[in-house]
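Structural characterization, general
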Amino acid sequence: MNDDLRNIVLGVIATGVAAALGWFARTYLWRRKLRRKQRFFGLPDDSECLLVVNRKAGGGDWSVARRDVFALLELSALIKDCGAQTQIVAHDTAQQGIGDHTEFCIGGPISNLRTAAHLDSLLPGVQMNTDPEPGPDRGSFLIGGERYRWQPDSVEHVLLARLFGQGDGGRPVFLVSGQHSNANHAAARYLGRHHSRLAAKHGDKSFCLLLRVVNPQAYGPDVVELVADVTRTATAAPPVRTP
């Protein structure tokens, strides 16, 4: 074998080794990223989760607002990426405990009875005005003495939370509770875009974020601001008022 042929063979071998190492490195990084995502959502391979569907406010039992459908599609994509299976249940038929399956619960307490139960048991420091009569406080959140009002077509707020039933264990509940279905869509999209950062910050702990959707009439669900991390206030029982 002359020198030219030997150099060609060595070059081909080096190229093959480099390609194999590159493939293994990319596969390793992809798998590590996937495992982190699965751990954050509590969705290992072939696991099952609940997708709790709300109803359109003022509609029938299975009438879902268009923006809530978009939110469900955003979450379904996340679940599929984790290699998990989805069980879709109506809000008033999801009579199951917390922790056995990861749960994604969409909608405020008016349109979703399951959300109302979660707010009462897991986020006692949050109050949402569910008065059907028009008024300045209709649909507002009251958290730690601070009121966050809904301004239709201008400002919408939404709670995005990951919660655990008893302490920080078992499978999580992801709660998306907005003042409007557009806000629910915005929170689901926010979760999909920022889950890596949320995992790095909160680890395996519960969290509750208050988000603001800015000028939804113009920007839809795309412009979202983090108002505050309200985990400590939202998960604490409100002070008892003495008569």
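Within every chain, residues take consecutive numbers counted from 1 along the sequence as written. Local features are withheld for residues below a pLDDT of 70 in this predicted model, meaning they are given only at 70 or higher, and side-chain atom pairs are given and counted only at 80 or more; totals for whole chains, interfaces and linings count all residues. Only hydrogens and water are removed before side-chain values are computed, so all heavy atoms of the structure are retained for them.

Considering the pattern of salt bridges
- A side-chain nitrogen of Lys or Arg and a carboxyl oxygen of Asp or Glu constitute a salt bridge if their distance falls within 4 Å. Applying the stated rule across the entire model yields seven salt bridges.
- Here glutamate 74 ties to arginine 189 by a salt bridge, and the two come within 3.0 Å at their closest N and O atoms. Highlighted residues: glutamate 74 in helix α2 (residues 66-81) and arginine 189 in helix α4 (residues 181-202), separated in sequence by 115 residues.
- Where aspartate 137 meets arginine 149, a salt bridge forms, and the shortest distance between an N and an O atom there is 2.7 Å. Of this pair, aspartate 137 sits in the loop between β4 (126-128) and β5 (141-143) while arginine 149 sits in the loop between β6 (146-148) and β7 (155-163), and the two are twelve residues apart along the sequence.
- To sort residues, take the accessible area from a 1.4 Å probe on protein chains only and compare it with the maximum for the residue type: under 20% means buried, over 50% means exposed, and anything in between is partly exposed. The partly exposed category is assigned to aspartate 137, whose relative accessible area is 23%.
- What emerges from the salt-bridge pattern is a single network uniting Glu74, Arg189 and Asp222. Elements are defined by DSSP. Helices are runs of H or I of four residues or more, strands are runs of E of two residues or more, and each kind is numbered from the N terminus.

Regarding the pairing of strand β3 (residues 102-106)
- Counting buried residues in β3 gives five out of five residues, a clear majority hidden from the surface.
- Burial along β3 is two-sided: Thr102, Phe104 and Ile106 facing one way and Glu103 and Cys105 facing the other are all buried.
- Should DSSP find at least two bridges between two strands, the strands are regarded as paired. Pairing between strand β1 (residues 48-53) and β3: four bridges, direction parallel. Among the inter-strand pairings, valine 52 is bridged to a residue of β3, identified as cysteine 105.
- Sheet topology note: the β3/strand β8 (residues 173-178) ladder contains four bridges and is parallel. Along β8, the bridge assignment pairs phenylalanine 104 with phenylalanine 174.

A look at the sheet that holds β7
- One open sheet accounts for seven strands, arranged β2-β1-β3-β8-β7-β9-β10; its pairing is mixed. Strand pairing shows two members of the sheet lacking a second neighbour, β2 (85-90) and β10 (224-229), which therefore form its edges. If you compare each strand with its neighbour and ignore which way they point, the axes differ by 20° on average. Orientation is described by axes fitted as lines to C-alpha atoms, over the contacting stretch for helices, and by angles from 0 to 180 degrees between their N-to-C directions.

Some details on α2
- Expected helix span is given by 1.5 Å per residue-to-residue step, counting one fewer step than there are residues. For α2, spanning 16 residues, the distance from its first C-alpha to its last is 23 Å, which sits close to the expected 22 Å at 1.5 Å a residue.
- Looking only at α2, the buried set comprises Asp68, Ala71, Leu72, Leu75, Leu78 and Ile79. Buried residues in α2, looked at end-on, bunch into an arc of 115°, giving them a common side. Counted as exposed and oriented over 90 degrees from the buried face of α2: Arg66, Leu73 and Lys80.
- Where α2 ends, the next residue or the one after it, glycine 83, has phi of about 75°, a positive value. Think of it as the arc spanned by the lines of direction from the helix axis to the C-beta atoms.

Considerations on the confidence of the model for the protein
- Every residue carries a pLDDT, the predictor's confidence in it, which falls somewhere between 0 and 100. Here the protein shows a mean pLDDT of 84. Residues at 70 or above account for 80%.
- Across the protein, strand β9 (residues 207-214) holds the top mean pLDDT of 96, while helix α1 (residues 3-41) sits lowest at 68.

Section: the environment of glycine 99
- Here glycine 99 shows up in the loop between β2 and β3.
- In this structure glycine 99 comes out as buried when scored by relative accessible area, which is 17%.
- Contact between two residues is taken to exist if any of their heavy atoms lie within 4.5 Å; hydrogens are not considered. When sequence neighbours within four positions are dropped, the list of residues in contact with glycine 99 reads Gly170 and Arg171.

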